[in-house]
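Results of the structural survey
These are the residues of each chain, in order.
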Amino acid sequence: MVQDLTSSNQIYISGRIDTEPEFSHSFGSETFNIFYLTIPRLSKTCDRLPVIVSERILDREAVKTGDRAAVKGQIRTHNTSYDGRTHLIISVFAKEVYEPKTEDEDKNPNFVVLNGFICKPPFYRETPLKRQITDILLAVNRPFGRSDYIPLIAWGRTAEDAKNLSVGDRIRIEGRMQSRIYQKKITSEKTVEKTAFEVSVSKMEILREDF
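Presented here is a report on the structure given in the accompanying data block. What you are looking at is a predicted structure, and each value in this text was computed from that prediction instead of being measured.

What follows concerns the overall build of the chain. Each helix and strand counted, the chain has one helix and 12 strands in total. From first element to last, N terminus to C terminus, the chain shows the α and β order β-β-β-β-β-β-β-β-β-β-α-β-β. In summary, the chain has a C-alpha radius of gyration of 18 Å against a globular reference of 17 Å for 211 residues, a match within 12%. For the C-alpha atoms alone, the extent of the chain along its principal axes is close to 55 × 50 × 40 Å. Taken over 211 residues, the chain has a buried fraction of 38%. Pairs at least 24 apart in sequence give 59% of the contacts found in the chain among residues at least 6 apart. With the model as given, the accessible surface of the chain reaches about 12800 Å², and the carbon-plus-sulfur share is 50%. Positive and negative side-chain charges of the chain, numbering 32 and 30 respectively, have mean locations separated by a distance of 4 Å.

Here we take up the packing of aromatic side chains. In the structure shown here, the tally under the stated rule is one aromatic pair. Both rings, one in Phe32 and one in Phe93, keep their centres 6.0 Å apart while their planes meet at 45 degrees; by these two values the pair is tilted. Here Phe32 is found in strand β3 (residues 30–40), whereas its partner Phe93 is found in strand β6 (residues 85–98), with 61 residues between them in sequence. Residues Phe32 and Phe93 agree in their burial class; the two are buried. Seen from the ring of Tyr36, Arg48 lies directly overhead, with NZ or CZ sitting 4.2 Å from the centre. The lysine or arginine in question, Arg76, covers the ring of Phe93, its NZ or CZ lying 4.3 Å from the ring centre.

Scoring rules and cut-offs
- Residues numbered from 1 in each chain as written.
- Predicted model: local features only at pLDDT ≥ 70, side-chain atom pairs only at ≥ 80, totals over all residues.
- Heavy atoms only, no water.
- Helix = DSSP H or I, 4+ residues; strand = E, 2+ residues; numbered from the N terminus.
- Rg over C-alpha atoms; globule rule 2.2 N^0.38 Å.
- Buried < 20%, exposed > 50% of the residue type's maximum accessible area, 1.4 Å probe, protein only.
- Contact = heavy atoms within 4.5 Å.
- Areas by Shrake-Rupley, 256 points an atom, 1.4 Å probe, with all protein chains shown as cover.
- Lys, Arg positive; Asp, Glu negative; His and termini not counted.
- Charge placed at Lys NZ, Arg CZ, Asp CG, Glu CD.
- Phe/Tyr/Trp six-rings, centres within 6.5 Å; stacked < 30°, edge-to-face > 60°.
- Lys NZ or Arg CZ within 6 Å of the ring centre and 35° of its normal.

Interpretation in functional terms is not warranted from these geometric data alone.
So this is what it looks like as structure tokens:
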């Protein structure tokens, strides 16, 4: 069975544009811009996610700070080096950017579907309040032999199931992409504020090898 690589990695987000698009990088003759989109949660907190969009499809009149916008695309990752260490950079790669036209589009403003392979042993832990959490690193293939390595976090019963996964297992998940602010200790007297991006898993299915 030929795998549909496009359907293996899908994200839809909608919210308020937090920053004006600015230059991100160039690839060949194509220029890419980055802006941040703030997406509300049911808990009334928000996720602030970076969106990469090609200049070729960017309508600057429609992408202005404070405006509502919807993005359809994929989660993309790449490694970069600074401070003598390798860091995983995660963003939303936009295939479409537009203004939501109906309320139905905003009923689920943050929806992710991924189909990939476990590429690192899951890490299971419990919070002081005994809530189960499992961290997963998922390799999702894309065309031309490349892959995106996407961090997932599973909770409760799903975390219990996920802790037994092995490297090479294939899973399909649904969830949402979230941002999480944390304090990183630099020295005994200095900390800096960092933002982590990950996919919070709401549903998980373990797939057979012949799927």
